[in-house]
Structures are given as C-alpha cells and as structure tokens.
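The primary structure of each chain is shown beneath.
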Amino acid sequence: MQNVPKGDDAAQAVSPASTTATAAGTTAGAAAPRRRRGPGACLLVVLPGVVTLGAVLAFVSLVGGETAAPQDRTPGQAESAVSNVDGSYVPWLRRATADCVGVTPALLAAHIDQLSGWQSDSASLSELGIARFTDAGWQKWGRDDDGNGTSTPLDKVDAIMALGRQDCSLAKRMTTLRTKGAVNGDLADLTLAAYAVGVDEVAEAGQVPPSARLFVTEVKKRLPQYSALVRRNPEQEAGVQAAGARLQHPVVTLSVTSPFGSRKHPLTGVTKLHTGVDFDAPQGAQVSAAWGGVVEFAGMSPAYGYRVVIDHGTIEGKRLQTTYSHLSALQVSAGQNLSTGQAVGLAGSTGLSTGPHLHFEVLLDGQYTDPMAWLTDAG
C-alpha cells in the first residue's frame, strides 16, 4: 500500500503553500489589502483522495483490519493442518491402526490431512467429515466408536476409526497381492494407491499406477509432522523395537551374492530396492524355516517363482514374516504349522532369476528390513 500522509505528516505537507502566501502579503504593504488565495490546482486534485482514503482506513480499523477472504479448500489440496489435531486424538489414531500391518497412526493422520486438512466442512454435499465419507462408504465402515449414541462421519473420532478400518482392509488386500507376487512396492504406498484409484487398477499395474502417484506423494509429504505429533503424545504408545537376531539360517551357508538395499536388477535393468538378501545355493539345496510359524502362502508367482511366506506372529506388537523365493520345489502348503528349521522347499531359479539361489526376505509390520540383522551369527 502506498504511504499517505496523515496526522502531523499531512499538516507538514501543505505548510509550504501557507508560508509563500504570507510572504507575498508582507511585500505588498498595508495600502493594498492582502488578497485571499484559493486552493491550488494540485490541492484540489489530491485532497478528495486523501479524505476518501482516510475514511477507508477508519472503516478497516473498526472491523479489525482483516479484509482478505479465506481461500476455499478442496479435498486433495488441503493445507497441512497438524496444529488442528488435538493430542487427544492420538490414542484413537493408535487404536484405529492397532491390528493393521502397513498403516501407522501417523500415516492415517496424514491421509486425513490430505483429504480435508482435518476440517469437517466441505463444499461437497456427498462427502462428509474429515475423512470425506459418502453415504455408501459410511454404511460400510462407520460405527459409533466413541459410544456417544450417534454414528456420523461428522464425529471426528468415528471418522478416524472408520477410515482406519477402510485403510487396514486395503492394506490386507495389498499384502495378499504382494505375497503372491502380483504387485510390488511399499505396502503403505500400495494401500494409499488402492484408496485413490481402487484395488483392481493397482493389481493391473502391478505397482502404484501413475494415476495414484500424486496422491501417494502428497500424503507421504505430511508424514514427518504427524510422526512428530505421535511422538509428542507417547502416553499410550508401546515402544516397539526390532527384537534383534533370532532367526536361524534358511540355508546351510550364508554366502551373500546380492545384499539388501538399492540395486539395478540384473534382468530388468530397473534400479530399485532389493527387498531381501540373495544367498548362494546350488540347485536342489535344502531351504529351511528360519523360525516357527504358519505358512501364509506357498505357490508360484511371476517374479518370485515358487515362493513360501511364513507368518511368525507378533514381536512386541509387530507382525513378523519371512519369505523364501525362486525355489525349484515346494515342501509345504498354505496353512501348515512349521517349527524352526523345518524344510520348506528346495533352492532353484524359478521366476525372474539368473541362476540357482535363495531370495530371503524379512518383513516387520509389512515393511522390508535387512535380513542380516535378524539372522543369528550372520555378521
């Protein structure tokens, strides 16, 4: 805004004209009365503007000085609103994701932020509350979780729990597809993609499809601040840490041919996370269960060939799984209970493989971790 003289500054702005008029009258002497001068042309032009601007400033001061209208917020473009989330909601975020693999309290909070900025108001009459549920969606996922006698998407607690149920259901479906080798990628990313574009589109792409990448990116950008929020409210959080080395060797000799971490795939040429460790193993070598558990999957998949996935239950509240891939033969079936060291199959080179070996993975709550940290005497 241009500075406009007012108060003492305004008086100083016109004083040179008055001084000039006084000097002229003194020179003429007493014989000729001093002639009154009218306002100059410049003053006639400027004065109305000054008066008008002063009136505007006075009005603004009366209404508080805030004239900018708030910008409309649309789902998917919501401003990050962690400051709007009271710490009392953190226990509900934890409860909503307590039995969920791949969806954390912080991820659920970030998902809500992306949908609505944690604001219940919406321009849409068909999508209500902070989780933007439709009537059909609420019929499926909504409940009276806080026990206040009403189940509504406008109740933040009910909405948190309902979206948690929906996300966890999608995470389970993505886990099943990933276990079978039908999709690849981070479980949280796949879950968010399934929410955005549907399970079928993710399954068809075999990964996060291009149509869902922006949504996934925007949610993940919000994660750090919500992780901090959860850490600031630790009163009900059970600290979970990796239990340390406790798994037995899946093959007799742990000779690593390709470690865990980023690498260029030898067949596809794509650089991405190598989700496990490749152990050198001759064709037909015995592969054994690294720990006792239940066979979750045993069958053929396009990328992993013959593959076995074992669910070992939970460790300090987090689900532990191991996988055994590229086998030449299976020795177990889905649903079978196994003890540590029991045979699961024979090493081979089925699927996308350049030669006989064992691709061994360890997943904690659906997230790939370095298997070497879990294996006894591996270092």
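Residues numbered from 1 in each chain as written. Predicted model: local features only at pLDDT ≥ 70, side-chain atom pairs only at ≥ 80, totals over all residues. Heavy atoms only, no water.

(A) Inspection of the overall build of the protein at higher detail. Across its full length, the protein holds ten helices and 13 strands. Sequence separation of at least 24 residues holds for 61% of the intrachain contacts in the protein that already meet a minimum separation of 6. Taken as a whole, the protein presents about 20100 Å² of accessible surface, with 54% of it coming from carbon and sulfur. (Helix = DSSP H or I, 4+ residues; strand = E, 2+ residues; numbered from the N terminus. Contact = heavy atoms within 4.5 Å. Areas by Shrake-Rupley, 256 points an atom, 1.4 Å probe, with all protein chains shown as cover.)

(B) Summary view of the state of the cysteines. Using the criterion set out here, one finds one disulfide in the structure. Here C100 pairs with C168 through a disulfide, and the sulfurs are 2.4 Å apart. Around the S-S axis, the bridge from C100 to C168 shows a dihedral of about -125° and counts as left-handed. Linking C100 in the loop between α3 (90–96) and α4 (105–116) with C168 in helix α6 (residues 156–179), this pair joins segments that are 68 residues apart in sequence. Each of the two residues, C100 as well as C168, counts as buried. (Disulfide = S-S within 2.5 Å. Buried < 20%, exposed > 50% of the residue type's maximum accessible area, 1.4 Å probe, protein only.)

(C) Spatial organisation of the packing of α4 against helix α10 (residues 223–232). α10 packs onto α4 with a crossing angle of 130° between their chain directions and a minimal axis gap of 8 Å. If you check the angle between α4 and α10, you find them oblique. With respect to the hand of their crossing, α4 and α10 are arranged in right-handed fashion. Residue-level inspection shows P105, A106, L107, A109, A110 and D113 of α4 in contact with α10, the latter providing L223, Q225, Y226, S227 and V230. Of the residues assigned to the contact of α4 with α10, the class counts are eight nonpolar, two polar and one charged. (Axes fitted to C-alpha atoms, helices over the stretch in contact; angles between N-to-C directions. Parallel < 35°, antiparallel > 145°, perpendicular 65-115°, else oblique. Left-handed = near helix turned anticlockwise from the far one by under 90°. Nonpolar A, V, L, I, M, F, W, Y, C, P; charged D, E, K, R; others polar.)

(D) Broad picture of the pairing of strand β4 (residues 277–280). For strand β1 (residues 256–258) and β4, the ladder comprises two bridges, and the chain directions are antiparallel. Across the sheet, V256 pairs through a bridge with F279, a residue of β4. Relative to strand β12 (residues 357–364), β4 runs antiparallel, the two being bridged by four bridges. Bridging across to β12, D278 finds its partner in H359. (Pairing = 2+ DSSP bridges.)

(E) View of α10. By the burial criterion, the buried members of α10 are L223, Y226, A228, L229 and V230. Residues of α10 that are buried in the fold lie against α3, α4 and α9 (210–221).

(F) Main features of the packing of aromatic side chains. A full pass over the atoms with the stated rule returns five aromatic pairs. Ring centres of Y89 and W118 lie 6.1 Å apart, and the angle between their planes is 35°; this geometry places the pair in the tilted category. One end of the pair, Y89, is in the loop between α2 (41–63) and α3; the other, W118, is in the loop between α4 and α5 (135–141), with 29 residues separating them in the sequence. This pair shows no difference in class: Y89 is buried, exactly as W118 is. Relative to F360, the ring of Y324 lies with its centre 5.4 Å away and its plane at 55°, an arrangement referred to as tilted. Linking Y324 in strand β8 (residues 318–327) with F360 in strand β12, this pair joins segments that are 36 residues apart in sequence. Given the relative accessible area of 0%, Y324 is considered buried. The exposure class assigned to F360 is buried, which follows from its relative accessible area of 0%. By way of ring pairs, the aromatic residues F279, Y324 and F360 are connected into one cluster. (Phe/Tyr/Trp six-rings, centres within 6.5 Å; stacked < 30°, edge-to-face > 60°.)

(G) Fine view of the nonpolar core. The biggest cluster of nonpolar side chains holds 51 residues, and the ones touching the most others in it are W118, I160, M174 and Y226. Elements with a minimum of two residues in this core: α3, α4, α5, α6, α7 (187–197), α8 (199–205), α9 and α10. By size, the runner-up hydrophobic cluster in this structure holds 26 residues, among which are F279, L338, V344 and A347. (Core = buried A, V, L, I, M, F, W, Y, C linked by side-chain atoms within 4.5 Å.)

(H) Examining the environment of R94 more closely. Relative to the elements of secondary structure, R94 occurs in helix α3. The class for R94 is buried, based on a relative accessible area of 12%.

(I) Looking closely at empty space enclosed by the protein. If you walk through the whole model with that rule in mind, you get one cavity of 30 Å³ or more. By volume, the largest cavity is sized at about 70 Å³. What lines the largest cavity is simply T175, R178, T179, R307, V309, Q321, T323, E361, L363 and Y368. Only α6, β7 (305–315), β8 and β12 provide two or more residues apiece to the lining of the largest cavity. Here the lining of the largest cavity is built from residues that sort into three nonpolar, four polar and three charged. (1 Å grid on protein atoms, 1.4 Å probe; cavity = no way out; pocket = protein on both sides within 12 Å on 5 of 7 lines; lining within 4 Å. Points joined across faces, edges and corners; volume = space filled by probe spheres on them.)

(J) The sheet that holds strand β5 (residues 286–288), seen in detail. On the basis of which strands lie adjacent, the open sheet formed by three strands has the order β5-β11-β9 and antiparallel pairing. For this open sheet the edge positions go to β5 and β9 (329–330), each flanked by a neighbour on one side alone. Direction of pairing for β5 relative to strand β11 (residues 343–346): antiparallel, over a ladder of three bridges. Residue pairing across strands places V287 opposite G345, the latter belonging to β11.

(K) Inspection of the pairing of β12 at higher detail. Judged by how many residues are buried, β12 sits mostly within the fold: eight of eight residues are covered. The side-chain alternation of β12 yields two buried faces, one formed by H357, H359, E361 and L363 and the other by L358, F360, V362 and L364. Across six bridges, the pairing between β8 and β12 is antiparallel. Note on β12: the bridge partner recorded for Y324 is F360. Where β12 meets strand β13 (residues 367–369), three bridges bridge the pair, whose relative direction is antiparallel. Note that in β13 the partner of L363 across the bridge is Y368. The hairpin formed by β12 and β13 contains two residues between the paired strands, and D365 there has a positive phi angle of roughly 55°.

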